[in-house]
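Structural description and commentary
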Amino acid sequence: MHFDNETADTPLFDRLLATSVDRRRLLQGSLAGLALSSLPLKLSAAPRRHGNLPFEPLRGQFEGTGLDLAEGFVADLLATEGDQLTRTAKVGANHDFTAFLPIDRQRKGRDRSGVHRGFSPKDCSSREGLLVVNHEFPDTRFHGTLRTDYDNPPSPQRLRQEQESVGLSVLKVKRSGKEWSRRPHRLDRRIDALTPMRLSGPAAEIDGGPNATGTLGNCSGGTTPWGTVLSCEENYQVFAHRSGRSYLKWPEDTYARRHHGWVVEIDPFDPESTPIKRTALGRFRHENVAVGVGKDGTVVAYMGDDRAGGHVYKFVCEDKLDPEARHGGRIDLLDRGRLYAADFEAGRWLLLERDAQPALRAALDGNGEPRYPNQAAVVADAYRAAGLVGATPTHRPEDIEIHPHDDSVYIAFTNNRRAGDSFGKIVRLVERDDDFAAMEFTWDVFAEGGPESGFSSPDNLVFDEAGRLWMVTDSRTGRGEYEFLVRNSMFCFETEGEHAGIAHLFALAPPGSELTGPSWTPDGETLFLSVQHPGSGSSREKPSTHWPRGGDHLPASAVLAIRGA
């Protein structure tokens, strides 16, 4: 979910993208006609499958009000916002990222090459496990006590309801026969804006830390080789902001401190564990984090700052992955290392370290005092620091994922409408010598949104075992330059061969919603997927959809298990 961010000019990135797109068109000009045949338009048919797709692309007109999937696929409803999860807590709102951890994940250990499976070995259970789901923001349009006054702070009752609607849910799920369902379990857990947390790393003591309260703005995330889940705090600025720009107006003494905007690590298998905010990874509007492990055990995390003019980041851990260590509560790899931001013009990574960068040491605040007296101040202000050292402002880098076959890095740049990029692009980045720790890289545009390709505003990404890329969109639809889009959708791309980069339509979201957070079981037979804010843009009196319960029910965010061919 994107909130309006400050205007940011990106002329350099615009020029770089144009050059890369022109180069790609020259290389793949022979595919232009084929790409045109892939349009999921209201009045046109999608093509028959190309190459090695595991489904027949959707075709024809789609004017329904539910979830449409490719033929042969069905969705099991696992959890809807407001469902009772534990004796004292309910499932949160506005579902986003999902991560499936097989029930035997701790016993089986990890597969360092299985990044697309969350590092779970392929022989882990694909029928039972823990599903971690992010809840991004409060929404009172259809559920709860309707809040209409955003000029004043919420009532205590309303505040508590909003605080309990964000964060994460941990659900025990199981496949019995063909269908997935959930049952109450001792590992079920809610983590929200009131949960006690701890800051670690260089900014652990910032603003009264290391103790912190809660997590919020939980957008996408990632998994670690040691079996934990990382949840990313994105638009923390809308909850409480001392400049008055916050529209939710939560208490400033708790939520305007620099205790939010981090990557939060949780151990789903230990319901008593304290979530840890890993400050070494920087504070900005985190959309996601993609963790990779090099051949020598180097651990790296790629991240995007989802704002117009946001940067792409890489964190390289100082220590190697211990082959004996398995559990996140005893691993602090993400507390020590170096944070970098990408310079796309030069194809290099720029170190965000105070002592190594004269521009950071010389920077002054509004009072003429050093803006960055220590490294804690740098990581807590990573967006401005990245700009000062020369990192490239980009077009809303959202999800970043690592290809399971060659370790190349795919980045979804959703769009920057103010800069004339309405449809976004997917970029492929390759580190020098395929080394995660390299300081130089090359890149090119893998797929470009727009009427010719049939998609707009790429958001979350996930790879499957075969190396195909699956993508969901977060776009405006149905009007003006977006008239060619019916609803937000899910697409699949081959990443190799003559059909690489062509979008094939797999699913259409219910009206007003976006599909979010795709993840797989180890056997690749089940795709977990969230549906966020169905009915957005319509009213309680006349909702545009009654998904997922149908009838006269109001629409609600939910998480699904999709199975089929």
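Given the structure is predicted, the values throughout are model-derived calculations rather than measurements.

Here we take up the overall build of the protein chain. For the protein chain, the count of helices and strands is eight helices and 29 strands. Here the protein chain has a C-alpha radius of gyration of 22 Å; the compact-globule value for 565 residues is 24 Å, and the two agree. Per-residue burial for the protein chain yields a buried fraction of 61% across its 565 residues. Within the protein chain, residue pairs in contact and separated by at least 24 positions form 64% of the contacts whose partners lie at least 6 positions apart. Of the side-chain charges in the protein chain, 68 are positive and 81 negative, and the distance between the mean point of each set is 3 Å.

Attention shifts here to the sheet that holds strand E18 (residues 348-351). Read across the sheet, five strands follow the order E14-E15-E16-E17-E18 without closing on themselves; strand pairing throughout is antiparallel. Both outer strands of the open sheet, strand E14 (286-293) and E18, are each paired with one neighbouring strand and no more. Each adjacent strand pair in this sheet contributes to an overall mean axis angle of 30°, direction not counted. Bridging between strand E15 (residues 299-305) and strand E16 (residues 312-317) involves five bridges; their strand directions are antiparallel. In the strand pairing of E16, Val300 is matched with Val316. Against the sheet, helix H8 (residues 382-389) engages E15, E16, strand E17 (337-343) and E18, with an angle of about 95° to E16.

The next point concerns the sheet that holds strand E27 (residues 514-520). Sheet strands associate in pairs through backbone hydrogen bonding, adopting either a parallel or an antiparallel arrangement. Strand order in this open sheet of four strands is E2-E29-E28-E27, and the pairing throughout is antiparallel. Looking at strand neighbours, the two that pair on one side only are strand E2 (74-80) and E27, the edges of this open sheet. On average, adjacent strands in this sheet sit at an angle of 25° to one another, irrespective of strand direction. In this sheet, strand E29 (residues 558-563) lies alongside E2 in antiparallel orientation, the contact comprising six bridges. Each bridged residue has a counterpart across the sheet, and for Ala79 the counterpart in E29 is Val559.

Counting buried residues in strand E3 (residues 95-102) gives eight out of eight residues, a clear majority hidden from the surface. With six bridges joining them, E3 and strand E4 (residues 128-135) adopt antiparallel strand pairing. Bridge assignment links Pro102 to a residue of E4, and that residue is Gly129.

Let us look at the pairing of E4. With seven of its eight residues buried, E4 lies for the most part within the structure. Bridge count between E4 and strand E5 (residues 167-176): eight bridges; the pairing is antiparallel. By the bridge assignment, Glu128 is partnered in E5 with Lys174.

With respect to the helices and strands, the residue Ser453 is situated in the loop between strand E22 (441-448) and strand E23 (458-463). On the accessibility criterion, Ser453 (15% relative accessible area) is buried.

Moving on, we get to empty space enclosed by the protein. Under the criterion given, the structure shown has six cavities of 30 Å³ or more. Taken together, 27 residues form the lining of the largest cavity, with Phe97, Val115, Thr223, Glu401 and Val462 sitting closest to its centre. Those elements that provide at least two residues to the lining of the largest cavity are E3, strand E10 (218-223), E14, strand E19 (397-402), E23 and E27.

With 90% of its residues at a pLDDT of 70 or more, the protein chain has an overall mean of 91. Contacts for the low-pLDDT stretch residues 26-48, under 50 throughout, to residues beyond four places or in other chains number 49 contacts.

Now for unusual backbone geometry. The phi angle of most residues is negative, glycine excepted, and most peptide bonds adopt the trans form. Cis geometry marks the peptide bond from Gly209 to Pro210; its omega dihedral reads 15°. The topology assignment puts Pro210 in the loop between strand E8 (196-200) and strand E9 (211-213). A positive phi angle, near 55°, is found at Asp434, a position not held by glycine. Tracing the backbone shows Asp434 in the loop between strand E21 (425-431) and E22.

Criteria and cut-off values
- Residues numbered from 1 in each chain as written.
- Predicted model: local features only at pLDDT ≥ 70, side-chain atom pairs only at ≥ 80, totals over all residues.
- Heavy atoms only, no water.
- Helix = DSSP H or I, 4+ residues; strand = E, 2+ residues; numbered from the N terminus.
- Rg over C-alpha atoms; globule rule 2.2 N^0.38 Å.
- Buried < 20%, exposed > 50% of the residue type's maximum accessible area, 1.4 Å probe, protein only.
- Contact = heavy atoms within 4.5 Å.
- Lys, Arg positive; Asp, Glu negative; His and termini not counted.
- Charge placed at Lys NZ, Arg CZ, Asp CG, Glu CD.
- Pairing = 2+ DSSP bridges.
- Axes fitted to C-alpha atoms, helices over the stretch in contact; angles between N-to-C directions.
- 1 Å grid on protein atoms, 1.4 Å probe; cavity = no way out; pocket = protein on both sides within 12 Å on 5 of 7 lines; lining within 4 Å.
- Points joined across faces, edges and corners; volume = space filled by probe spheres on them.
- pLDDT = per-residue confidence, 0-100.

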